[in-house]
Amino acid sequence: MIIRTRLAAGVCTLLAALTAGLAFPAGAAAGEPTGQDAPKVDLVLDVSGSMRARDIDGQSRMAAAKQAFNEVLDATPEEVELGIRTLGADYPGDDRKTGCKDTAQLYPVGPLDRTEAKTAVATLTPTGWTPIGPALLKAADDLDGGDGSKRIVLISDGEDTCAPLDPCEVAREIAAKGIGLTIDTLGLVPTAKLSRQLSCIAEATGGTYTSVEHQDELTDRVNQLVDRAADPVVTPVATEGADRCAGAPTLKSGLYTDREEFGQQRFYRVDVRPGQELRASVSVAADRAVNPGYGVLMRAVTTKGREIVRGEAAGNGRTDVISTGLRYPKAESDDEDAPAEAVCLAVSHSFSAASGVKATPGLPLELTVDVVDAPSQAGDVAALGLGRGWWLLGVLILTGFLAGLVWGWLSRWRVAVWRTN
């Protein structure tokens, strides 16, 4: 699957970032940064025979990777525990069964000794197979334990050679464990097939895919990903939506996770006071094979079922995650004691399970809720869900009306001239 423009992701990422920045009372906030354990990163490097190719800035792919790793090791933040795992580094033979077990921890995940890590990297020589799937499974074990951020950075120049252990399915299995592990992938001089595979791996865990053709690009991107691991961790809070608004759980600002069955609708309640704005987004992930063509819908409704505003998005089978969001500002009130309005968020999706795929448990759902001070002119943001689009609609109506008048006048003038002649 091709990496999506995490549509996914514009609305959802913005709102998640806003949520992470809020200060909540101790014990009352959802999705607070934990910061209890050090962030962990496992760099997984392809050392297969194809890394001998000399097509990156006049040097071999292996030499470019070594140089990039040395620069990354120098720049790694002190608080990050970093390790290095290889795939295809030790077995040069033709036995597939043996070659597909060829993955090893070159440097263990832990406090970084830069000299020792660089010495280990210097010993690498392009050798064998490309067992991406087995390497990802082992890398997930390398990062096991703790509640800090966990990130695998996979760098490869070729697709996996050890199917049927599909690395994309492996990534989905890792994501389904709920251990908060993200896999980012980088393709060295990639082919279309490699790009699809690495994109699918990254998509499965909410990571990113990057195509790399120069050594400085590789260095910069790996540095970015290692630095990102040091950012505060926002831990989603598990919740369980109701099948109707009346029984929905009341959520405060935060990040939440749930599961939603195929054909199901989930409700969540948020209290919005006058002068506040509700900002919400939802992402639904396909953690198993699904039929192409699907969508996700989020509606803000009153407790009596009247729709206030909605957000929706559609997919065509090229992405594993689909997201949408909405905003609802509640106007100021002259009554200082005016009660909060109960707004229910109704979430549904149109994913369907592929033939032979289990329908349970439901698909993983991530919900972001943020209640902030409303803009100074809140009334035009949520009116019928058009927001400031009302201005554009008004301009279009006026333009159409004037164009009709001019066209009618011209038509009558032409008829009058024709009759005169």
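An account of the accompanying structure is given in this report. A quick note: this is a predicted structure, and the numbers were derived from the prediction, not measured.

How two helices sit against one another is set out by the angle between their axes and by the gap between those axes. With their axes 8 Å apart at the nearest point, helix H6 (residues 167-176) and helix H7 (residues 192-204) run at an angle of 5 degrees to one another. Put simply, H6 runs roughly parallel to H7. In this structure, H6 contributes Pro-167, Cys-168, Ala-171, Arg-172 and Ala-175 to the contact, and H7 contributes Gln-197, Cys-200, Ile-201 and Ala-204. Its residues assigned to classes, the contact of H6 with H7 shows seven nonpolar, one polar and one charged.

The α-helix winds at 3.6 residues per turn, so residues separated by three or four positions along the chain end up facing the same way. A rise of 1.5 Å per residue sets the reference length of helix H8 (residues 215-229), with its 15 residues, at 21 Å; its end C-alpha atoms lie 22 Å apart and thus fit the reference within 8%. Residues Gln-215, Leu-218, Thr-219, Arg-221, Val-222, Asn-223, Leu-225, Val-226 and Ala-229 constitute the buried set of H8. Tucked inside the fold, the buried residues of H8 contact strand E1 (40-46), helix H2 (61-75), strand E2 (81-87), strand E4 (150-156), strand E5 (181-188) and strand E6 (209-212).

Bringing the pairing of strand E11 (residues 294-301) into the picture now. The element E11 is largely enclosed, with a buried count of eight among its eight residues. Both E11 and strand E12 (residues 307-315) contribute to a ladder of eight bridges, which runs antiparallel. In the strand pairing of E12, Val-301 is matched with Glu-307. Here six bridges tie E11 to strand E14 (residues 341-349), and the two strands are oriented antiparallel to one another. By the bridge assignment, Val-296 is partnered in E14 with His-349.

Taken in spatial order, the five strands of this open sheet run E7-E8-E15-E10-E13, and their pairing is mixed. What marks the edges here is a single partner per strand, and that holds for strand E7 (237-238) and strand E13 (321-329). Judged from the seven bridges that link them, strand E8 (residues 254-260) and strand E15 (residues 363-373) form a sheet pairing that is antiparallel. Directly across from Tyr-256, in E15, lies its bridge partner Leu-367.

Along H6, the residues classified as buried are Pro-167, Cys-168, Val-170, Ala-171, Arg-172 and Ile-174. Looking at the buried side of H6, the elements it contacts are helix H5 (132-142), E5 and H7. A side-chain oxygen of the first residue of H6 lies 2.9 Å from the backbone nitrogen of Cys-168; this N-cap is Asp-166. With its phi angle positive at about 70 degrees, Gly-178 sits one or two positions after the end of H6.

With that settled, consider the environment of Gly-206. With respect to the helices and strands, the residue Gly-206 is situated in the loop between H7 and E6. A residue is classified by how much of its surface remains accessible, and Gly-206, at 41% relative accessible area, is partly exposed.

Quick look at the pattern of salt bridges now. Counted according to the given criterion, the structure contains 15 salt bridges. Among the ionic pairs, Glu-78 bridges to Arg-114, the shortest N-O distance being 3.6 Å. Taken together, the residues span a long stretch of sequence, with Glu-78 in the loop between H2 and E2 and Arg-114 in helix H4 (residues 114-122) at a distance of 36 residues. On the basis of relative accessible area, Glu-78 is assigned to the exposed category, the value being 67%. Relative accessible area serves as the criterion here: at 22%, Arg-114 is assigned to the partly exposed category. Residues participating in the shared-partner salt-bridge network are Arg-299, Glu-307, Arg-310 and Glu-312.

Strand order in this open sheet of six strands is E3-E2-E1-E4-E5-E6, and the pairing throughout is mixed. Strand pairing shows two members of the sheet lacking a second neighbour, strand E3 (103-110) and E6, which therefore form its edges. Within the sheet, the average angular offset between the axes of one strand and its neighbour, ignoring direction, is 15 degrees. Alignment of E5 against E6, held across four bridges, turns out to be parallel. By the bridge assignment for E6, Leu-186 is matched with Thr-210.

Below, the discussion takes up the state of the cysteines. What the rule picks out here adds up to three disulfides. Paired by a disulfide, Cys-100 and Cys-162 hold their sulfur atoms 2.0 Å apart. Between Cys-100 and Cys-162, the disulfide has an S-S torsion of -95 degrees and is therefore left-handed. Of this pair, Cys-100 sits in the loop between helix H3 (96-99) and E3 while Cys-162 sits in the loop between E4 and H6; the two residues are 62 residues apart in sequence, bridging distant segments of the chain. The two residues Cys-100 and Cys-162 agree in class, both being buried. Paired by a disulfide, Cys-245 and Cys-344 hold their sulfur atoms 2.0 Å apart. On the S-S bond that ties Cys-245 to Cys-344, the torsion sits near 80 degrees, and the link is right-handed. Of this pair, Cys-245 sits in the loop between E7 and E8 while Cys-344 sits in strand E14, and the two are 99 residues apart along the sequence.

Cut-offs applied
Residues numbered from 1 in each chain as written. Predicted model: local features only at pLDDT ≥ 70, side-chain atom pairs only at ≥ 80, totals over all residues. Heavy atoms only, no water. Axes fitted to C-alpha atoms, helices over the stretch in contact; angles between N-to-C directions. Helix = DSSP H or I, 4+ residues; strand = E, 2+ residues; numbered from the N terminus. Parallel < 35°, antiparallel > 145°, perpendicular 65-115°, else oblique. Contact = heavy atoms within 4.5 Å. Nonpolar A, V, L, I, M, F, W, Y, C, P; charged D, E, K, R; others polar. Expected span 1.5 Å × (residues − 1). Buried < 20%, exposed > 50% of the residue type's maximum accessible area, 1.4 Å probe, protein only. Pairing = 2+ DSSP bridges. Polar contact = N/O pair within 3.5 Å; in protein donor to acceptor, adjacent residues only side chain to side chain. Salt bridge = Lys/Arg side-chain N within 4 Å of Asp/Glu carboxyl O. Disulfide = S-S within 2.5 Å.

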